[in-house]
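# Topology and contacts: notes
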Amino acid sequence: MAIPVIDFSKINGEESEKTHSEIAKACEEWGFFQLVNHGIPLELLNKVKKVASECYKTEREEAFKTSTPVKLLNELLEKNSGEKLENVDWEDVFTLLDHNQNEWPSNTSGLKETMVEYREEVRKLASKMMEVMDENLDLPKGYIKKAFNEGMEDGEETAFFGTKVSHYPPCPHPELVNGLRAHTDAGGVVLLFQDDEYDGLQVLKDGEWIDVQPMPNAIVINTGDQIEVLSNGRYKSAWHRVLAREEGNRRSIASFYNPSYKAAIGPAAVAAAAAGMEEGSEKKYPKFVFGDYMDVYATQKFMPKEPRFLAVKTL
């Protein structure tokens, strides 16, 4: 069993209906799929790989050797207790946001220019993907994007758009630690440019962990908790994790198109009807402010997701 691979170049051509159907099925049955021919230039993707790897080697690698995960694993090995590190991730990570570009890593030539260009391309792809989801859910064009951009004026987006650059360095005892613990993503649409050589990412499907196989220059799409809410459960956010590896330094660049922290998120009535619910039937999720949801998620990220929806303050 492998996660779906979809040719996005066919979204507007003769095979548009078939491609829309493939995406709808992937959202409903997996919450994860790979896009090929997505429109992001190959030359830019190659630059992204280069600057991300150079940044880790020149600015991050030495610090990771003395990081908390390394220290805790060494302490565990000294104890020789047979336990596993359950509450730590074997991951080096930094985040790129529009408003804090002065805090981006600054000693890697070309990183800032490359990542600014890449993030713009990924943001455009996220917008296209949300429009496809609108159509598949029988929502008005632009519904999801508008829901995420609370208070948007003159086209200025207020949605939270961040990029997490992660590396999962070689681990001497991968059986004792997680690369990244199992979780669902809190927000909206996630667009992942993963390593094309080293695997490790897995998605939970029907109780079984399935590898998200490396595919050169593909963009992995997954839906977060807020898409699950907006679609009234028709599209589920998927549990996923990263395994630690004994060899290879796995690179992962995940961009998140999430609601504004002030955005009010709840099931879309039309989506509920599309999912087969009668008008006026009970919606499966509460309506809440995304920032309030994030307050809950911050402490419950690695716990079952259903209680998070119940714990958040409702509108």
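Data block above holds the structure.
Read on for a plain summary of the structure.

Thresholds, definitions, all that
Residues numbered from 1 in each chain as written. Predicted model: local features only at pLDDT ≥ 70, side-chain atom pairs only at ≥ 80, totals over all residues. Heavy atoms only, no water. Pairing = 2+ DSSP bridges. Helix = DSSP H or I, 4+ residues; strand = E, 2+ residues; numbered from the N terminus. Axes fitted to C-alpha atoms, helices over the stretch in contact; angles between N-to-C directions. Contact = heavy atoms within 4.5 Å. Buried < 20%, exposed > 50% of the residue type's maximum accessible area, 1.4 Å probe, protein only. Phe/Tyr/Trp six-rings, centres within 6.5 Å; stacked < 30°, edge-to-face > 60°. Core = buried A, V, L, I, M, F, W, Y, C linked by side-chain atoms within 4.5 Å.

## Some points on the sheet that holds strand E10 (residues 219–223)
- Across the sheet, which stays open at both edges, the seven strands sit in the order E1-E2-E10-E7-E12-E5-E4 with mixed pairing between neighbours. Each end of this open sheet is capped by a strand with a single partner; those strands are strand E1 (5–7) and strand E4 (92–97). Strand-to-strand twist of the sheet, defined as the mean angle between neighbouring strand axes without regard to direction, takes the value 25°.
- For strand E7 (residues 189–194) and strand E12 (residues 250–258), the ladder comprises six bridges, and the chain directions are antiparallel. Paired with Val 189 across the bridge in E12 is Tyr 257.
- Sheet strands touched by helix H1 (residues 16–29): E1, strand E2 (32–36) and E10. Its angle to E1, the strand with the most contacts, is close to 155°.

## Notes on the environment of Arg 181
- Along the polypeptide, Arg 181 turns up in strand E6 (residues 177–183).
- For Arg 181, a relative accessible area of 17% gives the class buried.
- For the pair Arg 181 and Glu 120, spaced 61 residues apart in sequence, the C-alpha to C-alpha distance is 29 Å.
- Residues contacting Arg 181, with those up to four places away along its chain left out, are Glu 86, Asn 87, Val 88, Asp 89, His 240, Arg 241 and Phe 302.

## Let's talk about the sheet that holds strand E11 (residues 240–243)
- Read from one edge of the open sheet, five strands run E3-E6-E11-E8-E9, paired in mixed fashion. Of all strands in the sheet, those bounded by a partner on one side alone are strand E3 (85–89) and strand E9 (208–211). Taken pair by pair, the neighbouring strands of this sheet meet at an average axis angle of 40°, ignoring direction.
- Note: strand E8 (residues 201–205) against E9, four bridges, orientation antiparallel. Across the sheet, residue Gln 202 finds its bridge partner in E9, namely Asp 211.

## Some details on the pairing of E8
- In terms of residue burial, E8 counts as a mostly covered element, since four of its five residues are buried.
- Of the strand pairs in this sheet, E8 and E11 are connected by three bridges, and their pairing is antiparallel. The partner of Gln 202 across the bridge, within E11, is Arg 241.

## Looking at the packing of aromatic side chains
- For the structure on display, the rule yields 10 aromatic pairs.
- On the basis of an interplanar angle of 85° and a centroid distance of 5.2 Å, the ring pair of Tyr 285 and Phe 309 is categorised as edge-to-face. Here Tyr 285 is found in the loop between helix H7 (269–274) and strand E14 (288–289), whereas its partner Phe 309 is found in helix H9 (residues 306–311), with 24 residues between them in sequence.
- The exposure class of Tyr 285 is buried, given its relative accessible area of 13%.
- A relative accessible area of 6% places Phe 309 in the buried class.
- One aromatic cluster in this structure is built from Tyr 285, Phe 288, Tyr 293, Tyr 297 and Phe 309.

## Observations concerning the nonpolar core
- Ile 23, Phe 33, Met 115, Tyr 118, Met 129 and Phe 148 are the most contacted members of the largest nonpolar core, which has 61 residues in total.
- When residues of this core are assigned to their parent elements, the largest contribution, 10 residues, is made by helix H4 (residues 111–136).
- If we ignore the near neighbours within four places in the chain, the residues touching Tyr 118 are Ile 40, Leu 44, Leu 45, Val 48, Phe 193, Ile 219, Ile 253 and Ser 255.
- One finds Tyr 168, Val 190, Ile 210 and Val 212 within the second-largest nonpolar core, a separate group that totals 16 residues.

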